[in-house]
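Residue-level structural notes
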Protein chains: 2
Amino acid sequence: MNNALCRMTGCDFPLFAFSHCRDVVVAVSKAGGFGVLGAARFSPEQLELELQWIDEHVDGRPYGVDVLVPETVDPRVAGLSDGTSRAAQISDEHRRFVSELLTSHGVAMDPEEAVSTQGNGITPENGAALMEVAFRHPIRLIANALGIAPPAMIEQGKARGIPVAALVGAKEHALRQAAAGVDIIVAQGGEAGGHCGEVSTLVLVPEVVRALAGAGHDIPVLAAGGIMTGGQMAAMMATGAQGAWTGSVWLATAESETSEAFRAGMIAARSRDTVRSRSRTGKPARQLRSAWHAAWDGQDSPGALPMPLMGMVSEPAFARIERSVAAGNEDARELVSYFVGQGVGLVEAERSARAVVQDFRAEFAEAVSGLADMIGED
Amino acid sequence: MNNALCRMTGCDFPLFAFSHCRDVVVAVSKAGGFGVLGAARFSPEQLELELQWIDEHVDGRPYGVDVLVPETVDPRVAGLSDGTSRAAQISDEHRRFVSELLTSHGVAMDPEEAVSTQGNGITPENGAALMEVAFRHPIRLIANALGIAPPAMIEQGKARGIPVAALVGAKEHALRQAAAGVDIIVAQGGEAGGHCGEVSTLVLVPEVVRALAGAGHDIPVLAAGGIMTGGQMAAMMATGAQGAWTGSVWLATAESETSEAFRAGMIAARSRDTVRSRSRTGKPARQLRSAWHAAWDGQDSPGALPMPLMGMVSEPAFARIERSVAAGNEDARELVSYFVGQGVGLVEAERSARAVVQDFRAEFAEAVSGLADMIGED
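Predicted, not measured: the structure shown is a model, and the values here were computed from it.

The rules behind each value
Residues numbered from 1 in each chain as written. Chains lettered and ligands numbered in written order. Predicted model: local features only at pLDDT ≥ 70, side-chain atom pairs only at ≥ 80, totals over all residues. Heavy atoms only, no water. Least-squares fit on C-alpha atoms with pLDDT ≥ 70 in both. Contact = heavy atoms within 4.5 Å. Buried area = accessible area lost by both parts, 1.4 Å probe. Salt bridge = Lys/Arg side-chain N within 4 Å of Asp/Glu carboxyl O. Polar contact = N/O pair within 3.5 Å; in protein donor to acceptor, adjacent residues only side chain to side chain. Helix = DSSP H or I, 4+ residues; strand = E, 2+ residues; numbered from the N terminus. Nonpolar A, V, L, I, M, F, W, Y, C, P; charged D, E, K, R; others polar. Buried < 20%, exposed > 50% of the residue type's maximum accessible area, 1.4 Å probe, protein only. Right-handed = clockwise from strand over helix to strand, strands pointing away. Pairing = 2+ DSSP bridges.

Observations regarding the relation of the copies chain B and chain A
When chain B is fitted to chain A, the residual RMSD is 0.0 Å, and the transformation amounts to a turn of 180 degrees plus an axial shift of 0.0 Å. Each copy turns onto its partner about a two-fold axis. Of every C-alpha in chain B, the one belonging to Ala 235 of chain B sits nearest the axis of rotation, 1.8 Å from it. An overlap of 100% is found between the interface residues of chain B and their copies at the interface of chain A, pointing to a shared contact surface.

So this is what it looks like as structure tokens:
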């Protein structure tokens, strides 16, 4: 396809696949799409190994890296730059709460062990270190979320000719990112999995496209949030997007990092089975609804902690939950969850990542010719 | 355009315009779209007059009527069939709360006068009476929301050859409506103005289309929620809808029943300036966010009342607020609100209803040819 976004990033078909799994990234890029490795949960050393593997397997096809450099840090954790001092901020009440929640589902967890000093790595320091690693590889895109892309990312992107993409959930944020110098805006609607705003993709994308054009910014927009099919991709391109940014659809692929228990949950889930909650990372993020959210968002909850403290509680808990389910504890399935968007209601079976790209291409072509026929018959 | 929905309803361009204003209904139908008069707030006598006027002015073009026959009635009001006995259920605390809220914005309201025995008319009895009136006119569609269309509507529709449409916010509801015999499903996403669910239009429409086909129902789907442009209409038709059902976009037309204060609010609003709240009708409905919602959904609120009691409090209040603004009380503008979807962020100016239809047609054609060109350049 011949649009500015394809020329800028080198892909054939502007289907951007965000995944924490290197196999998905490689499979998508080799199938003509554009794989983007979600790096936020890696240490810099791990990311280096992941990118080396991708470079060896991607056959020179373009790929990108997504980091999370939070623009703002909650005052409760500002100045605490190491895991131990952060962990000390987590109250006994929170430790007991998670311990009791897991224990009530047959997952043993001592309150003393309930907190990791590692967390999910979403800190400005780790984000900056990951960015440095990414720029040492032949990436064709670097993306950021949770605020304005840091000046160092924009400067290095420009110096190296690597487009910088930024995820936004509101028109005002898109205009701020454009003014800061980002090259691509990913307009992500509130139905998206992970961190998201409240405006729907169908409204947000044309609103952002119009606002950028009105302010004189010639910046391509990717549509994100709820897109699981080529028909939806064509739809959002009809509203002015130059391509689609997708995440949830890859979680149900054979290559994905997700557990069997979670993939089974995805296939069973309807679109109404997600929830936007602070209870996994500390910022509002859409997830598969489970007993975890009923507890943390319920009346007896001690309340979600700020980022990154919430992840230091939730990540070890979910690791235990997954292990417990894998060991045969069916009660723990009620707690199983992961970041996923409302599009989960469109997931019917596990496919390979390559098959997903092929399906998107076919559905896209079918949607466009269906529309053209409708006009023709007028 | 030649699809099943156009053949079924007799329109040229499958743009369905829900409006409480007969002028909008007539203007849209005469411009090749399909006007649908929202009748729920009328008495049967008023509706009769409105439809006589439409019949005299619509030049034989097809139009429809939308009634609200709630499928379920809150136990707190079940069995109370007259306004006076319903009004007696509204506590002094609720009366004082609305009186104090209005007074604090310079709108005088005695707690004794805070409740109307009329309300917004959304009761099963009024809905059934409105339906009888509608069927006496040459309508080409009757639509219902808030649950399964009543058997009498489906039977009379079939007997008279009038398609029955039902609004749904979830796949399961679509399947129930189809099984009950409705002819058209309006799949309305959570970004819509008025009563709405939580799943976005972009996800809900393909989910509903797929579920209906999977269950063997050959029923056309209209996409609703957030659609303000022909590009968005084309978008949702790329996901399997046969047309668009729209509401908010008509509120900013010159013909609309809305006040100058509300239209000014619409033009100023961003997509984030709406809220889904029970505080106007008693059921979750999306509205322009104002000081009304901050109060009713806030910590000191006595809580929203069930339908139809909430409307018996809110409708007289909003009537006073509008009058107060019109009389020059700028403080009362902070309370001004009305049902509107997130698409309000795409409203930039007041237009005529006819111009809106023409813009939709042009934007639709442009979106489709843009997509076709993109494929052609592959």
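Remarks on the interface of chain B and chain A
Of the residues lining the interface, 47 residues belong to chain B; the matching set on chain A comes to 47 residues. When the two sides are added together, the surface that chain B and chain A hide from each other amounts to roughly 4,100 Å², 63% of it contributed by carbon and sulfur. At the junction of chain B with chain A, the criterion picks out 6 salt bridges. When the shortest N-O distance is used, the salt bridge between Arg 210 of chain B and Glu 348 of chain A registers 3.2 Å. On the surface where chain B and chain A come into contact, there are 16 residue pairs in polar contact (both at pLDDT 80 or more). The leading source of residues in the side of chain B that touches chain A is helix H15 (residues 353–376) of chain B, at 8 residues. Taken together, the residues of the side of chain B that touches chain A sort by class into 21 nonpolar, 15 polar and 11 charged.

Notes on the pairing of strand S4 (residues 141–145) of chain B
Residue and element names in this part refer to chain B. With 5 of 5 residues buried, S4 lies mostly within the body of the structure. Here S4 shows no split at all, with Leu 141, Ala 143 and Ala 145 on one side and Ile 142 and Asn 144 on the other all buried. With helix H7 (residues 151–160) bridging S4 and its parallel neighbour strand S5 (residues 164–168), the resulting β-α-β unit is right-handed.

Some details on the sheet that holds strand S11 (residues 285–288) of chain A
The strands making up a sheet associate through hydrogen bonds between their backbones, and the pairing can be parallel or antiparallel. All names here are of chain A. The sheet built from 3 strands is open, its strands ordered S7-S11-S10 with antiparallel pairing. Two strands close off the open sheet at either side, each with one partner strand: strand S7 (194–195) and strand S10 (274–277). Examined bridge by bridge, S7 and S11 share 2 bridges and lie antiparallel to one another. Residue pairing across strands places His 195 opposite Ala 285, the latter belonging to S11.

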